[in-house]
Amino acid sequence: MSLRVADAVVVDSGPDHVRGLQDSDNARLHELGYKQELKRDLSMISNFAISFSIVSVLTGLNGLMGTGLNFGGPISYIYGWPIAGTFTMLIGLSMAEICSSYPTSGGLYYWSAKLAGPRWGPFASWITGWFNIVGQWALTTSIDFSLAQLVQVMILLSTGGLNGGGYMISKYVVMALHGVFLLIHAILNSLPISMLSFLGQIGAACNFFGCFLMIVIPVVATERASPEFVFTNFNTENQNGINNYFYIFVLGLLMSQYTLTGYDASAYMSEETKDADKNGPQGIVSAIGIAVVAGWVYVVGITFAVRDIPHLLSENNDSGGHAIAQIYYEAFMSRYGSGVGAVICLGIAGLAVFFAGMSSLTSNSRIAYAFSRDGAMPFSSQLQKVNKQDVPINAVWMSALVAFCMALTSLGSLVAFQAMTSIATIGLYVAYAIPVLLRLTLGRKTFTRGRFTLGRYGTIVGWISVLWVALISVLFSLPVSYPITDQTLNYTPVAVGGVLILVVSTWIFSGRHWFKGPIKNIDDSSKEEA
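As the structure is a computational prediction, the values presented were derived from the model and not from experiment. (Residues numbered from 1 in each chain as written. Predicted model: local features only at pLDDT ≥ 70, side-chain atom pairs only at ≥ 80, totals over all residues. Heavy atoms only, no water.)

Attention now moves to the confidence of the model for the chain. Per-chain confidence: the chain averages 87 in pLDDT, with 93% of residues scoring 70 or above. Taken element by element, the predicted model of the chain shows its lowest mean pLDDT in strand S1 (residues 4–5) (51) and its highest in helix H7 (residues 171–188) (96). Across residues 6–13 the pLDDT falls below 50, and counting only partners more than four positions away or on other chains, this stretch makes 8 contacts in the model. Per-residue pLDDT stays below 50 along residues 524–530; that stretch engages in 17 contacts with residues further than four places along the chain or on separate chains. (pLDDT = per-residue confidence, 0-100. Helix = DSSP H or I, 4+ residues; strand = E, 2+ residues; numbered from the N terminus. Contact = heavy atoms within 4.5 Å.)

So this is what it looks like as structure tokens:
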């Protein structure tokens, strides 16, 4: 496949050239119907860093290692990761091509509006926007809550472990920690974009180098798995009553697909990115590509430290059933008789998760700002406001509040909480697929390629992407345990179906009467349809 990024090589990088790029960016934004309100200060590296931090290999793989080990073991993620990564890259390429044509903070919902045409544009925009923003909120919720849970395990291990009299903080303290992390992230996101750019690059570095640093775990371990175990072991002794090998592999594959989300952030940062129609698409593609490589190195390396899978998954082990923490802990205990090294390594992973949460809040505050700018959200007039630092401050704090409220379900039932956060995957991938599908159907004759283009391969890549999203949406909804009870039922289709019913019903009874899709704000005195 050959990709073309027109004018990718730039010789002149002086002040006049930079001003020229900014003028070009502002002119293109003006053509799309918007004035420049956010500060355009992000480079391609900064744009990439935000997406890469949200994808956060250490966040997803560490949190879901137990799922991979339980459903298929090493084979399910050693080979499942590149499979999911390949299809995710195709989705990212399709999105990047559209992003190059429409470099605006509205991102996916704006693309859907334009590609669907005047008749279906408002409805397509409404569905895409709400699935996207709810998915974004759920993603921020799950990242910061997983960070709070990680701190819970670190405290447990640093005080002796579950079997050594260690202290397990309550679910209420976990919820309080979740709130503290969201508060810190909201404060950081209130800073100018130049500061967020710097912090985002630190976060990307933590995620990238953290993956390779964790190879120290199998090196420290006194007993290591054989290459045969790492590359051929298929664990069928799961704790969920499932015996079909293909079914087991499919459920294990979900660990990889859950992790590879959030790269659409590069699109939402377009209005703050220099040379956006080139750097935004490249941010999407590079975030996926580097995450896939770094993630595979990590899962292969850490699997050499895996020994007794049932013990790693047992709720009676020292980490209370947190698989990755137990792997770290056993490695250091076997060599040094102390788990201090494990706690330090978990702290490094926690730092990566922290920056992932920060960047996630950045991303969903931008989509909330853009959606409000087009009048789609309650209190839109307040949420679209930017402060003196050109930050959509109200959207930032509202998004943090929503993420806190979504986590409150964990106090009643972790099953309900996990179902709700599953929207972070299904909701986002549905939102990813809609504009790609529209570009192939209703918009196939009107779509104008930007500087990043797939050329003649765009159609086949697009269809493969749409079909993959349809497939994983079904897979995510399959039962994960038998017999099925109220505690083992996969509530993902219930949660996603509930969002769909709510979004469509609000459109039918309200939205269709006043929401007309993206609207221009070039002339504040008289906004008109874009």
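After that view of the structure, there is still more to cover.
The next subject is H7. Look at H7: 26 Å from first C-alpha to last across 18 residues, which is about the 26 Å you get at 1.5 Å a residue. At its buried positions, H7 is contacted by helix H6 (107–158), helix H8 (193–213), helix H16 (340–373) and helix H18 (393–407). (Expected span 1.5 Å × (residues − 1).)

Turning to the packing of aromatic side chains, a few remarks are in order. Applying the stated rule across the entire model yields 22 aromatic pairs. Joined through ring pairs, the aromatic side chains of Tyr109, Phe123, Trp126, Trp130, Phe371, Trp507, Trp514 and Phe515 make up one cluster. (Phe/Tyr/Trp six-rings, centres within 6.5 Å; stacked < 30°, edge-to-face > 60°.)

Along its 14 residues, helix H3 (residues 57–70) runs 19 Å from first to last C-alpha, staying within 8% of the 20 Å computed at 1.5 Å per residue. At Leu64, H3 is bent by approximately 50°, the largest bend along its length. One or two steps after H3, the chain reaches Gly72, where phi turns positive at roughly 100°. (Bend = angle between axes of the 7 residues up to and from the residue.)

Moving on, we come to the pattern of salt bridges. If charged atoms from side chains of opposite charge come close, those side chains can pair. Applying the stated criterion to the full structure yields 10 salt bridges. In this structure, the salt-bridge partner of Asp275 is Lys278, at a minimum N-O distance of 3.6 Å. Asp277 is the salt-bridge partner of Arg451, the closest N and O atoms lying 3.0 Å from each other. In this pair, Arg451 sits in the loop between helix H20 (423–440) and strand S2 (452–453) while Asp277 sits in helix H13 (residues 276–303), placing the two residues 174 residues apart along the sequence. A single burial state applies to Arg451 and to Asp277, both of which are buried. Among the charged side chains, a network of salt bridges with common partners joins Asp275, Asp277, Lys278 and Arg451. (Salt bridge = Lys/Arg side-chain N within 4 Å of Asp/Glu carboxyl O. Buried < 20%, exposed > 50% of the residue type's maximum accessible area, 1.4 Å probe, protein only.)

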